[in-house]
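So the chains spell out like this:
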Amino acid sequence: LRRKLSINRISHRDTQSYFGILLDNNNRKPLCRLHLNGGNKYLGLFDENKNETRELIESVDDIYQFEEQLLKTVSFYVD
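The shown structure was predicted, so the numbers you read here are calculated from the model rather than taken from an experiment.

1. Topic: the overall build of the protein chain
Consideration 1: Counting its secondary structure elements, the protein chain contains 1 helix and 5 strands.
Consideration 2: Its helices and strands in sequence order give the protein chain the pattern β-β-β-β-β-α, from N to C terminus.
Consideration 3: At 12 Å, the protein chain has a C-alpha radius of gyration in line with the 12 Å of a compact globule built from 79 residues.
Consideration 4: Taken along the three principal axes of its C-alpha coordinates, the protein chain extends 35 × 25 × 25 Å.
Consideration 5: Looking at the protein chain as a whole, 29% of its 79 residues are labelled buried.

This is the structure:
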């Protein structure tokens, strides 16, 4: 995400059901979510309507496979 954002604009919040990655510490600007509590691990990605799609991941490194989708999510909030 740092290709489009300053690291200072990326924040996180840990909830009971997911670990949220946010833009500008604003829960109305989710960049993605990590669902790590169950047996399977998922990366939650958002579309322009903030609908979440979960993608199965096996390790944190798997997140790099979703770089284009994550950068597209940033474009929903930043011109």
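That was the structure; now back to the text.
2. Considering the layout of surface pockets
Consideration 1: By volume, the largest pocket amounts to about 410 Å³.
Consideration 2: Every residue lining the largest pocket is counted, 14 residues in all, and those nearest its centre are Leu1, Arg2, Ile63, Tyr64 and Leu70.
Consideration 3: Put simply, the parts of the chain that give the lining of the largest pocket at least two residues each are strand E3 (26-35) and helix H1 (67-77).
Consideration 4: Here the lining of the largest pocket takes 3 residues from H1, the largest share from any one element.

3. Side note on unusual backbone geometry
Note: most residues except glycine have negative phi, and most peptide bonds are trans.
Consideration 1: In this structure, Asp24 is a non-glycine residue whose phi angle is positive, near 60°.
Consideration 2: Mapped onto the fold, Asp24 is located in the loop between strand E2 (19-23) and E3.
Consideration 3: Even without being glycine, Asn25 reaches a positive phi, approximately 55°.
Consideration 4: By the element assignment, Asn25 lies in the loop between E2 and E3.

4. A few points about the sheet that holds E3
Consideration 1: The strand order E1-E2-E3-E4-E5 describes an open sheet built from 5 strands, whose pairing is antiparallel. Strands at the two margins of the open sheet, each flanked by one partner only, are strand E1 (10-14) and strand E5 (52-57). For this sheet the average axis-to-axis angle between neighbouring strands, irrespective of direction, equals 30°.
Consideration 2: Inspection of the sheet shows strand E4 (residues 41-46) paired to E5 by 6 bridges, in the antiparallel sense. The residue bridging Leu45 from the neighbouring strand is Thr53, located in E5.

5. Details of the pattern of salt bridges
Oppositely charged side chains can pair when the atoms bearing their charge come close.
Consideration 1: Throughout the structure, instances matching the rule amount to 4 salt bridges.
Consideration 2: The residue Asp24 makes a salt bridge to Arg9 at a minimum N-O spacing of 2.8 Å. A residue pair is termed long-range when its members are at least 10 positions apart, and Asp24 in the loop between E2 and E3 and Arg9 in the segment before E1 qualify at 15 residues.
Consideration 3: Asp24 gets classed as partly exposed once you look at its relative accessible area, which sits at 35%.
Consideration 4: Linking Arg33 and Glu52 is a salt bridge whose minimum nitrogen-to-oxygen distance equals 3.2 Å.

Procedures and definitions
Residues numbered from 1 in each chain as written. Predicted model: local features only at pLDDT ≥ 70, side-chain atom pairs only at ≥ 80, totals over all residues. Heavy atoms only, no water. Helix = DSSP H or I, 4+ residues; strand = E, 2+ residues; numbered from the N terminus. Rg over C-alpha atoms; globule rule 2.2 N^0.38 Å. Buried < 20%, exposed > 50% of the residue type's maximum accessible area, 1.4 Å probe, protein only. 1 Å grid on protein atoms, 1.4 Å probe; cavity = no way out; pocket = protein on both sides within 12 Å on 5 of 7 lines; lining within 4 Å. Points joined across faces, edges and corners; volume = space filled by probe spheres on them. Pairing = 2+ DSSP bridges. Axes fitted to C-alpha atoms, helices over the stretch in contact; angles between N-to-C directions. Salt bridge = Lys/Arg side-chain N within 4 Å of Asp/Glu carboxyl O.

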